[in-house]
Amino acid sequence: MSKPHIRQELSELEADLRKEIGALLETKQQAVEVTDCSLSELIDKLTEIKLSEHPLYHKLLRLDAAACQLDIGLYGLCSDCETEIETQRLLDDPTEQRCASCAEHYKHEHGLELRLSH
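The structure presented is a predicted model; accordingly, all values stated were derived computationally and were not measured.

Visitor: Can you help me understand helix α2 (residues 39-48) in this one?
Guide: Since one α-helical turn is 3.6 residues long, residues separated by three or four positions face the same way. When we look at burial in α2, the residues that qualify are Leu39, Leu42, Ile43 and Leu46. In an axial view of α2, the angular spread of the buried residues amounts to 105°, which keeps them on one side of the axis. Buried residues along α2 sit against α1 (3-27) and α3 (55-72). Positive backbone phi, at 65°, marks Lys50, one or two positions downstream of α2.

Given below as structure tokens:
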């Protein structure tokens, strides 16, 4: 995948995510303008209004991380082991942060944490 293609994919994801967040905020009766702020400002605003546990917030974080990685030339590298993320994983989800091996390890470790905390 070329850098312009990746940037286009991320832009489309961002537009869709902003629409979903806008709809969510309307249901929560929150007056936040989602189109005129940066991703980091939007993350801050959602944190302020206590939506940091919502799945859309986590999608926003992943999108922001992917955009930042693309800007600094680290897009497509695993955030844990720094090897290349499998192409199919990135095609399935352009915001993917981990290779298959690290994703499985992360899932196992965090699943265990959740079981231990209940």
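Here the narrative resumes.
Visitor: I tried to follow the packing of α1 against α2 on my own but got confused; where do I start?
Guide: How two helices sit against one another is set out by the angle between their axes and by the gap between those axes. The interhelical angle for the contact between α1 and α2, taken along N-to-C directions, is 25°, at an axis separation of 13 Å. Judged by the angle between their axes, α1 and α2 are roughly parallel. For the pair α1 and α2, the sense of crossing is left-handed. Touching Glu14, Arg18, Ile21 and Leu25 of α1 are Leu39, Leu42 and Leu46, all from α2. Residue classes in the contact of α1 with α2 are distributed as five nonpolar, no polar and two charged.

Visitor: How do you make sense of the environment of Cys99 when you look at a structure like this?
Guide: Mapped onto the secondary structure, Cys99 falls in the loop between α4 (87-92) and α5 (100-117). The exposure class of Cys99 is buried, given its relative accessible area of 6%. Distance from Cys99 to Glu82, taken between C-alpha atoms, is 8.7 Å for residues 17 residues apart in sequence.

Visitor: I would appreciate a short explanation of the packing of α2 against α3 in the present structure.
Guide: The contact between α2 and α3 brings their axes to 10 Å, and the two run at 155°. Accordingly, the angle class assigned to the pair α2 and α3 is roughly antiparallel. As for the relative orientation of α2 and α3, their crossing is left-handed in sense. On α3, the residues touching Leu39, Ser40, Leu42, Ile43, Leu46 and Thr47 of α2 are Tyr57, Leu60, Leu61, Leu63 and Asp64. Among the residues making up the contact of α2 with α3, the classes are represented as eight nonpolar, two polar and one charged.

Visitor: How should I be thinking about the environment of Lys45 in this particular structure?
Guide: The residue Lys45 is located in helix α2 in this model. When its relative accessible area of 29% is taken as the criterion, Lys45 is described as partly exposed. When the C-alpha atoms of Lys45 and Tyr57 are compared, they prove to be 10 Å apart, with 12 residues separating the residues in sequence. Dropping the residues within four chain positions of it, Lys45 is found in contact with Val32, Glu33 and Cys37.

Visitor: I keep staring at unusual backbone geometry and nothing clicks. Help me out?
Guide: Both trends apply: most residues other than glycine have a negative phi, and most peptide bonds are in trans. Even without being glycine, Lys50 reaches a positive phi, approximately 65°. Summarising the element assignment, Lys50 is placed in the loop between α2 and α3. The exposed category is assigned to Lys50, whose relative accessible area is 70%. Positive phi, close to 65°, is recorded for Glu82, a residue that is not glycine. Structurally, Glu82 can be placed in the loop between α3 and α4.

Parameters at a glance
Residues numbered from 1 in each chain as written. Predicted model: local features only at pLDDT ≥ 70, side-chain atom pairs only at ≥ 80, totals over all residues. Heavy atoms only, no water. Buried < 20%, exposed > 50% of the residue type's maximum accessible area, 1.4 Å probe, protein only. Helix = DSSP H or I, 4+ residues; strand = E, 2+ residues; numbered from the N terminus. Arc of directions from axis to C-beta. Contact = heavy atoms within 4.5 Å. Axes fitted to C-alpha atoms, helices over the stretch in contact; angles between N-to-C directions. Parallel < 35°, antiparallel > 145°, perpendicular 65-115°, else oblique. Left-handed = near helix turned anticlockwise from the far one by under 90°. Nonpolar A, V, L, I, M, F, W, Y, C, P; charged D, E, K, R; others polar.

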